[in-house]
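Architecture and fold: a report
Here is how the chains run, residue by residue.
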Amino acid sequence: MRKRARVIYNPTSGREALKKDLIDILAVFEQAGYETSAFATTADPNSAQNEATRVAKAGFELIVAAGGDGTINQVVNGIAGLPHRPKMAIIPAGTTNDYARALHIPREDPLAAAKVVLKDQTIKMDIGQAGETYFINIAGGGLLTELTYDVPSNLKSIFGYLAYLLKGAELLPRIKPIDMDLTYDGGHFRGKASMFLLALTNSIGGFEQIVPDAALDDGKFTMIIVKTASMPEILRLMGLVLNGGKHINDPHIIYKKTSKVIAKPVEERMMINLDGEYGGDAPMKFRNLGQHIEMYANLDAIPDSAVTSESPEVLEAEQRFVKQVESLPDGERETED
Ligand SMILES: Nc1ncnc2c1ncn2[C@@H]1O[C@H](COP(=O)(O)OP(=O)(O)OP(=O)(O)O)[C@@H](O)[C@H]1O
């Protein structure tokens, strides 16, 4: 039997280019050896997720997520918990398209994005699990991340967001550090911070310098804790970001690699942001599922530093080691309070 592919596309996302090119996109996947059909997502917010689960259970070999980062997130949520997870391909059609940027998939031309499949290059991507939900790119908590819910979606890039904050002066008094308690591989932070972020790729809000050294398949999040909440300090840090990622050594920043995080609020409520959407309240456990979903990517264009040569077995051994270290009494571990 021929391999089967399902294109799950959001007919409302981004430009009309996706719908216009759909017939040609289907032909590309046929050319790649897949018997291909298409499903248009509906106003039901779970439609992409449900369809992804259905076709994965039916044994399809490939799901093509065509839309914005929200559609990719939903497809991943539909398959991440299943034992048989089809491969994925990405056709970006949103506004920011962080995920396609990380995989070096063309972002302006849906047909060119589809043709990446013809190169037959894939990468087994790490994804994150937070409670029962999965995320593909970024999780976070703290008041700086909570404010994103109020931001119009066309400003959801980090810098558009800062401009919005500076303009919308009524939001500024809400930015203050809150007490948080974060346990990560080999360390612990308890103190005031304006946000923490867990990144899976180096592509956040349209920028590649916030997490300059994120690897896509090393089984680890890059964690950033921003300890200051002063707007001039945050703007200075953004300046360091633009200046080649120099923020990572700043004393206001904790920058670590970790495969697991437990986030607990101390006194105030801490809402958790998963891929830009509200994802429940802390306490929350985050786990990196190393090399969990195989995706077509433009591997030639991805820098070597973003791809590990480690096999899943080596990653597993590393994670076992981390567990052993975590079971040591606190005094034998590094702490940061
Ligand atoms: N047929 C539809 N009618 C109305 N809403 C839809 C439909 N299909 C999907 N949606 C909604 O679109 C949202 C997902 O959007 P997606 O991320 O794909 O594109 P986008 O919003 O253009 O991207 P970006 O977030 O990058 O701007 C979800 O909230 C989903 O419920």
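Position numbers for residues start from 1 in each chain and track the written sequence from start to end. For this predicted model, a pLDDT threshold of at least 70 governs which residues receive local features, and a threshold of 80 or more governs which side-chain atom pairs are given and counted, while totals over whole chains, interfaces and linings are taken from all residues. For the side-chain quantities, the full set of heavy atoms in the structure was used; hydrogens and water were omitted.

By the naming in an unreviewed UniProt entry, the chain goes by Lipid kinase and is assigned to Levilactobacillus hammesii DSM 16381. Within the UniProt record for the chain, the comment given under Cofactor (unreviewed entry) is "Mg(2+)". As stated in UniProt under Sequence similarities (unreviewed entry), the record for the chain gives "Belongs to the diacylglycerol/lipid kinase family." UniProt positions are given in the numbering used here, feature names are shortened, and annotations may be inferred rather than shown by experiment.

The next point concerns the overall build of the chain. Helix numbers and strand numbers start at the N terminus; a helix is a DSSP run of H or I with at least 4 residues, a strand a run of E with at least 2. For the chain, the count of helices and strands is 10 helices and 16 strands. The burial tally for the chain puts 53% of its 337 residues in the buried class. In the chain, the proportion of contacts linking residues at least 24 apart, taken out of those at least 6 apart, comes to 75%. When a residue's accessible area, from a 1.4 Å probe over protein chains only, is under 20% of the maximum for its type it is buried; when over 50% it is exposed; and in between it is partly exposed. The contact definition used throughout considers only heavy atoms, calling two residues in contact when any of these lie within 4.5 Å.

Take the pattern of salt bridges next. Between Lys or Arg on one side and Asp or Glu on the other, a salt bridge is scored when a side-chain nitrogen of the former is within 4 Å of a carboxyl oxygen of the latter. One pass over the full model with this rule turns up 12 salt bridges. As a salt-bridge pair, aspartate 179 and lysine 192 come within 3.5 Å of each other at their nearest N and O atoms. Of the two residues, aspartate 179 is situated in strand β8 (residues 178-184) and lysine 192 in strand β9 (residues 187-193); the sequence distance between them amounts to 13 residues. In this structure lysine 192 comes out as partly exposed when scored by relative accessible area, which is 47%. Linking arginine 190 and aspartate 181 is a salt bridge whose minimum nitrogen-to-oxygen distance equals 3.6 Å. Here aspartate 181 falls in the buried class, since its relative accessible area comes to 9%. When salt bridges that share partners are traced, they join Arg6, Glu51 and Arg54 into one network.

What follows is about the side chain of aspartate 185. Note that aspartate 185 resides in the loop between β8 and β9. No salt bridge is formed by the buried aspartate 185; its nearest oppositely charged neighbour, lysine 260, is found at 4.6 Å. The definition of a polar contact used here is a pair of N or O atoms within 3.5 Å, where within protein one atom must be able to donate a hydrogen and the other to accept one, and adjacent residues in sequence count solely through side-chain atom pairs. A polar side-chain atom of aspartate 185 sits 2.5 Å from the main-chain amide nitrogen of serine 259. Residues scored as positive are Lys and Arg, those scored as negative are Asp and Glu, and His as well as the terminal groups of each chain are ignored.

Neighbouring residues are identified by heavy atoms, a residue being near a molecule or strand if any of them is within 4 Å of it. Lining the immediate surroundings of the ligand are 18 residues, of which Thr41, Gly68, Gly70, Thr71 and Thr95 lie closest. With 4 residues, helix α4 (residues 69-79) is the single largest residue contributor to the shell around the ligand. Here the residues of the shell around the ligand sort into 3 nonpolar, 14 polar and 1 charged. For this scheme, ten residues count as nonpolar: Ala, Val, Leu, Ile, Met, Phe, Trp, Tyr, Cys and Pro. Four count as charged, namely Asp, Glu, Lys and Arg, and the remainder, Gly too, count as polar.

With that out of the way, let us pick up helix α9 (residues 231-242). Expected helix span is given by 1.5 Å per residue-to-residue step, counting one fewer step than there are residues. Given a rise of 1.5 Å per residue, 12 residues ought to cover 16 Å, and the 17 Å separating the end C-alpha atoms of α9 matches this to within 8%. Of all the positions in α9, only Met231, Ile234, Leu237, Met238, Leu240 and Val241 are classed as buried. Residue glycine 244 follows α9 closely and has a positive phi angle near 85°.

Glancing now at the sheet that holds strand β10 (residues 195-199). Here 6 strands make up an open sheet; going across it, the order is β12-β11-β10-β7-β14-β15 and the pairing antiparallel. Looking along the sheet, the strands with just one partner apiece sit at the ends: β12 (253-258) and β15 (277-281). Here the strands of the sheet are splayed against their neighbours by 20° on average, with no regard to which way each runs. As paired elements, strand β7 (residues 138-141) and β10 share 4 bridges and run antiparallel to each other. Note on β10: the bridge partner recorded for glycine 140 is leucine 197. Following DSSP output, two strands are said to pair if at least two bridges run between them. Every axis corresponds to a line fitted to the C-alpha atoms, with the helix fit spanning only the stretch in contact, and the corresponding angles, defined between N-to-C directions, vary from 0 to 180 degrees.

With that out of the way, let us pick up the packing of aromatic side chains. Pairing of aromatic rings covers Phe, Tyr and Trp, the last through its six-membered ring, and needs centres within 6.5 Å; plane angles under 30 degrees mean stacked, over 60 mean edge-to-face, and all others mean tilted. Counted under the stated rule, the structure contains 3 aromatic pairs. Both rings, one in phenylalanine 135 and one in phenylalanine 221, keep their centres 5.7 Å apart while their planes meet at 15°; by these two values the pair is stacked. Residue phenylalanine 135 is located in strand β6 (residues 133-135), and its partner phenylalanine 221 is located in strand β11 (residues 221-226); the two are separated by 86 residues in the primary sequence. The exposure classification of phenylalanine 135 matches that of phenylalanine 221, with both residues buried.

Judged by how many residues are buried, α4 sits mostly within the fold: 8 of 11 residues are covered. Every buried residue belonging to α4 is among Thr71, Ile72, Asn73, Val75, Val76, Asn77, Gly78 and Ile79, and all of these are buried.

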